[in-house]
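Structure assessment
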Amino acid sequence: MSTEARFATAVPGAPPRTDGRSPHLRHASDARTAAILRPILERPSAVFLALLALAGAGLLWWAYAWSFQLRHGMIVAGIADWGTGGGVPWGFYVGSFIWWVGIAHGGIIISAAVRLFGLEAFKPVARMAEMLTLIALSIAALYIVIHIGRPDRVVTSVLPNLPQTIRTSPLAWDVTVITLYFVLTATYLGLTIRPDLYALRDRLPPLFAPVYAALLLGYRPEDKHKIERMAWWLALAVIVLAPLFLHGGVIPWLFATMPGQPGWFGGAQGPQFLTIALSSALGSVIIMAYVFRRAFRWEEILPDEVFAGLGRWLALFALLFLWMQLQQNITGSVAPPAAVEKVTHAKMEEPLYWLALGLVGLALAYLAIQMIFPRYFNVERTVIAALLPVSATLLEKTLFVVEGLMYPVFQLYEAVPGHYTPSWVELSSAVGAFSILVLFFLAMSRIVPLVEVEADGE
């Protein structure tokens, strides 16, 4: 029996529906709800199983690489002691950490904006953005664990000293901000998903009944209005805190307030980080939405208009990203202090930096063309355009971290200039991170609705 047919049949014991809607609207709503539940109720497809196997293999590969690092020490990474070791102490790990935090913060900002500003057209991707935030924050936290060399240092060094180091340590601030936004996002997601789980409780697979029971603990349907208000206030908090504690605040301030590293120093870093976060998050949401649309035949739930709208916002933030880069390069090239001129000159001679800007510029050019000439709009091309800033921002953030350390103000280590090339161990962490992301969404797609059911029926 097809999924639609299953839901066309009344659930035994379920009360008759008295929502006042016409039979036509009720039928349309039921059909869309059935489509949203398709990933949960249908048997896993061959593509699903292939992705599961591929992601599992990627995770195993990264586990081997990390165990190699744990056995031999951080020397197997491309990073080294600053100056005396002829290298830099931060590289791909820290660049990836910033990038994943940016995606996480951008994801929750997108979801909060949808609820706060009533952007109903983007509501089908709101929950995906919330889930993306949770897993991206988890991966970012994992990068901290990888970078400190030994996981036990989290327990023996980081957490016990957090009260003393919170005012001075960038690591302590990172841990605090990640924890704060993980709790905030999990609460936000929990509030919005509980009404759906309650409404669908008779249709969900009994295999995960304990999970649903835990998520619905203490839930009362008569509190729905209160829950909606709480979610609205949480969304407001996210939007207000975005320039202060999200990717426009604490994370860039940890770099921008270090005058010893002119590549990091300056008031432009906050807005620059925020544009990067929103560009990478919007690109990631577009890619995810397309994958789910193809995998579960969600053309009606995620219509072309969703991709066109997200593409317009991505074009805006890609433009702002390039504009902020221009500001920094102009001020770093025209009569700057010597240290700023040095790091700007090094950046301008780096081909990978221009590759990153070129990828963002290419995406912006296509998205602008399809806005001006809608006949050139195409979902697949929009997804490809979204992939460009996502990859470019990871490259730019890694270069940002490395160049800030390679060209400090002080000359203590001038005789042993640093250089950096990420090792296979570091690059394997990217394989592991993306594998974790894929496994997370594969699992979530089998347990909970990835799209708000009630929103879909409105």
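Residues numbered from 1 in each chain as written. Predicted model: local features only at pLDDT ≥ 70, side-chain atom pairs only at ≥ 80, totals over all residues. Heavy atoms only, no water.

1. A closer look at the overall build of the protein chain
Of the regular secondary structure elements, the protein chain holds 19 helices and 0 strands. A burial count over the protein chain gives 49% of its 458 residues as buried. Contacts in the protein chain between residues far apart in sequence, at least 24 positions, make up 80% of those at least 6 positions apart. Roughly 21200 Å² of accessible area belongs to the protein chain as shown, and the carbon and sulfur atoms make up 70% of that amount. (Helix = DSSP H or I, 4+ residues; strand = E, 2+ residues; numbered from the N terminus. Buried < 20%, exposed > 50% of the residue type's maximum accessible area, 1.4 Å probe, protein only. Contact = heavy atoms within 4.5 Å. Areas by Shrake-Rupley, 256 points an atom, 1.4 Å probe, with all protein chains shown as cover.)

2. Overview of the packing of aromatic side chains
As enumerated under the stated definition, the model contains 27 aromatic pairs in all. A centroid spacing of 5.8 Å and a plane angle of 45 degrees characterise the contact between Trp 61 and Trp 424, whose relative ring orientation is tilted. With a gap of 363 residues between them, Trp 61 in helix α4 (residues 46-72) and Trp 424 in helix α18 (residues 424-447) connect regions that are remote in the sequence. Residue Trp 61 is classed as partly exposed on the basis of its relative accessible area, which comes to 42%. For Trp 424, a relative accessible area of 38% translates into the label partly exposed. Positioned above the aromatic ring of Phe 273 is the side chain of Lys 397, whose terminal nitrogen or guanidinium carbon lies 4.3 Å from the ring centre. (Phe/Tyr/Trp six-rings, centres within 6.5 Å; stacked < 30°, edge-to-face > 60°. Lys NZ or Arg CZ within 6 Å of the ring centre and 35° of its normal.)

3. Here's the deal with the pattern of salt bridges
According to the stated counting rule, one finds 10 salt bridges in the structure shown. The partner of Arg 297 in a salt bridge is Glu 42, with the nearest N and O atoms 3.3 Å apart. You can see Arg 297 sitting in the loop between α13 (269-296) and α14 (304-333) and its partner Glu 42 sitting in the loop between α3 (38-41) and α4, a full 255 residues away along the chain. With a relative accessible area of 27%, Glu 42 lands in the partly exposed category. Between Glu 222 and Arg 220 there is a salt bridge whose closest N-O contact spans 4.0 Å. (Salt bridge = Lys/Arg side-chain N within 4 Å of Asp/Glu carboxyl O.)

4. Section: unusual backbone geometry
Backbone phi values are negative for most residues with the exception of glycine, while trans is the configuration of most peptide bonds. Residues other than glycine seldom take positive phi values, yet Arg 297 does so here, at roughly 55 degrees. Here Ala 335, not a glycine, exhibits a phi torsion of approximately 50 degrees, which is positive. Along the chain, Ala 335 turns up in the loop between α14 and α15 (338-348).

5. A word on the confidence of the model for the protein chain
Per-residue confidence for the protein chain averages 85 on the pLDDT scale, and 89% of its residues sit at or above 70. pLDDT under 50 marks residues 1-17. Its contacts with residues more than four places away, or in other chains, come to 16 contacts. (pLDDT = per-residue confidence, 0-100.)

6. Here we look at the packing of helix α5 (residues 92-116) against α18
At a minimum axis distance of 10 Å, the contact between α5 and α18 shows a crossing angle of 25 degrees. Put simply, α5 runs roughly parallel to α18. Crossing geometry of α5 relative to α18 is assigned as right-handed. Two secondary-structure elements touch here, α5 through Phe 92, Tyr 93, Trp 99 and Trp 100 and α18 through Val 425, Glu 426, Leu 427, Ser 429, Ala 430, Ala 433, Phe 434 and Leu 437. Among the residues making up the contact of α5 with α18, the classes are represented as 10 nonpolar, 1 polar and 1 charged. (Axes fitted to C-alpha atoms, helices over the stretch in contact; angles between N-to-C directions. Parallel < 35°, antiparallel > 145°, perpendicular 65-115°, else oblique. Left-handed = near helix turned anticlockwise from the far one by under 90°. Nonpolar A, V, L, I, M, F, W, Y, C, P; charged D, E, K, R; others polar.)

7. Digging into the nonpolar core
Counting 129 residues, the largest nonpolar core has Trp 100, Tyr 143 and Trp 298 as its most contacted members. Take this core: its biggest share by element is 16 residues, from α5. Beyond its immediate chain neighbours, meaning those up to four positions away, Trp 100 contacts Ala 136, Ile 139, Ala 140, Tyr 143, Ala 433, Phe 434 and Leu 437. (Core = buried A, V, L, I, M, F, W, Y, C linked by side-chain atoms within 4.5 Å.)

8. Comments concerning helix α16 (residues 351-372)
Here α16 is 22 residues long and its end C-alpha atoms lie 31 Å apart, about the 32 Å a rise of 1.5 Å per residue gives. Turning to α16, its buried residues are Tyr 353, Ala 356, Leu 357, Val 360, Ala 363, Leu 364, Tyr 366, Leu 367 and Gln 370. In this structure, the buried side of α16 is in contact with α14, α15 and α17 (379-406). Regarding α16, its N-cap is Glu 350, as a side-chain oxygen of that residue lies 3.1 Å from the backbone nitrogen of Leu 352 further along. (Expected span 1.5 Å × (residues − 1). Polar contact = N/O pair within 3.5 Å; in protein donor to acceptor, adjacent residues only side chain to side chain.)

9. A word on a nonpolar patch on the surface
A contiguous nonpolar patch, built from Ile 369, Met 371, Ile 372, Phe 373 and Tyr 376 and spanning about 470 Å² of accessible area, is present on the exposed surface. With respect to the helices and strands, the residue Phe 373 is situated in the loop between α16 and α17. For Phe 373, a relative accessible area of 37% corresponds to the partly exposed category. (Patch = residues over 30% accessible without salt bridge, like charges linked within 9 Å, V, L, I, M, F, W, Y side chains within 5 Å.)

10. Observations regarding the packing of α13 against α17
Two packed helices can be described by the angle between their axes and the distance between those axes. Put simply, α13 and α17 touch, their axes get as near as 8 Å, and they point 140 degrees apart. In this view, α13 runs oblique relative to α17, as classed from their interaxial angle. For the pair α13 and α17, the crossing hand works out as left-handed. Of the residues in α17, those in contact with Gln 269, Phe 273, Ile 276, Ser 280, Gly 283, Ser 284, Ile 286, Ile 287, Tyr 290 and Arg 293 of α13 are Val 379, Glu 380, Thr 382, Val 383, Ala 386, Leu 387, Val 390, Thr 393, Glu 396, Lys 397 and Phe 400. Residues of the contact of α13 with α17, tallied by class, amount to 11 nonpolar, 6 polar and 4 charged.

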